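Listed below, chain by chain, are the residues.
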Amino acid sequence: MSKRLVIFASSLNRGGAERQLVALAKELKKRGQEVAVAIYYDKSEFDRELIDAGVAIYYLRKKLGVWRLPFALIRLAKMLRSLKPSAIYSFMDSPNIFVALLKPFLRGAKIVWGIRSTVNNEYGFLNALGAKLETLFSRFPDLIVANSSAGRELCIKKGFPKDKIVVVENGIDTERFNYDPKGAKRVR
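Bear in mind that the values here come from a model prediction, so they are computed numbers and not experimental data. (Residues numbered from 1 in each chain as written. Predicted model: local features only at pLDDT ≥ 70, side-chain atom pairs only at ≥ 80, totals over all residues. Heavy atoms only, no water.)

> Explain the pairing of strand β3 (residues 56-59) to me, please; I cannot follow it from the model alone.
Strand residues, when the strand is regular, have side chains that alternate between the two faces of the sheet. Residues Ile57 and Tyr59 of β3 are buried on one face, while the alternating residues Ala56 and Tyr58, pointing to the opposite face, are not. Sheet topology note: the strand β2 (residues 34-39)/β3 ladder contains 4 bridges and is parallel. Paired with Ala38 across the two strands is Tyr58, which belongs to β3. (Buried < 20%, exposed > 50% of the residue type's maximum accessible area, 1.4 Å probe, protein only. Helix = DSSP H or I, 4+ residues; strand = E, 2+ residues; numbered from the N terminus. Pairing = 2+ DSSP bridges.)

Below, the structure is given as structure tokens:
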């Protein structure tokens with residue numbers, strides 16, 4: 001089995017979790033790790049940045065609608081099996097649920113969930129259902145990564161197995177976000 005990591009998320013549209021996904025994929029690639037990104041929807045804002053860094057992107061091209069979920073799951077299973085990952089790192093609730101459902105079909109790939117929120121987003125029927133399913137399936141991943149202690153505590157409160165949750169705080173690209181004394185003076 002290859003040592004390929006597949007990072008799976010809903011989209012690469014602008015957002016904090018998406019920015020962290022891109023930073024992680026680029027840095028892993030730079031360090032020689034074989035990494036690919038799989039997303040639900042078509043092309044997004046961060047695609048070019050990943051492609052320029054040599055990170056392959058695979059599109060599930062999921063259509064909206066609950067009735068289409070079984071077809072999306074089948075396509076995702078085929079995609080992931082063809083990539084032969086040694087690990088799959090899913091980002092946020094619905095990708096976490098999808099990967100947990102597919103674990104028996106992923107032939108030994110380690111499953112890592114990314115929890116990126118400290119807010120209990122259970123408003124609306126579908127969000128509440130998703131939160132319940134994520135809690136129910138939280139015993140399936142091999143590891144759960146929360147990006148804050150508050151996120152870890154929320155997961156434990158919801159019923160996630162606490163022995164599987166580690167905290168890895170968001171990274172900051174210090175080359176991109178470095179101190180600029182002239183810029184600080186100009187802003188003041």
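> What's the story with the environment of Glu153 in this structure? I'm lost.
Take Glu153: it is sitting in helix α6 (residues 149-158). Sequence separation between Glu153 and Arg139 is 14 residues, and the spatial gap between their C-alpha atoms is 16 Å. A polar atom in the side chain of Glu153 sits 3.4 Å from the side chain of Arg152. (Polar contact = N/O pair within 3.5 Å; in protein donor to acceptor, adjacent residues only side chain to side chain.)

> Please clarify how the sheet that holds strand β6 (residues 143-146) should be interpreted in this entry.
Neighbouring strands of a sheet are bound in pairs by backbone hydrogen bonds; such pairs are parallel or else antiparallel. Across the sheet, 7 strands lie side by side as β3-β2-β1-β4-β5-β6-β7; this open sheet has parallel pairing. Pairing within the sheet leaves two strands with one partner each, and these edge strands are β3 and β7 (165-167). Taken over all neighbouring pairs, the strand axes of this sheet differ in orientation by 25° on average, direction set aside. Taken together, the 4 bridges between strand β1 (residues 4-9) and strand β4 (residues 87-91) define a ladder with parallel strand orientation. Residue pairing for β4: Val6 is matched across the bridge by Ile88. Each of β1, β2 and β4 is contacted by helix α1 (residues 16-30), which is oriented at about 170° to β1, the strand it contacts most. (Axes fitted to C-alpha atoms, helices over the stretch in contact; angles between N-to-C directions. Contact = heavy atoms within 4.5 Å.)

> I'm lost on a nonpolar patch on the surface in this one. Help?
On the surface, a cluster of nonpolar side chains totalling about 340 Å² of accessible area is made up of Phe125, Leu126 and Leu129. Among the structural elements, Leu126 can be located in helix α5 (residues 125-137). On the basis of relative accessible area, Leu126 is assigned to the exposed category, the value being 53%. (Patch = residues over 30% accessible without salt bridge, like charges linked within 9 Å, V, L, I, M, F, W, Y side chains within 5 Å. Areas by Shrake-Rupley, 256 points an atom, 1.4 Å probe, with all protein chains shown as cover. Salt bridge = Lys/Arg side-chain N within 4 Å of Asp/Glu carboxyl O.)

Everything listed is a geometric property; what it means functionally is a separate question.
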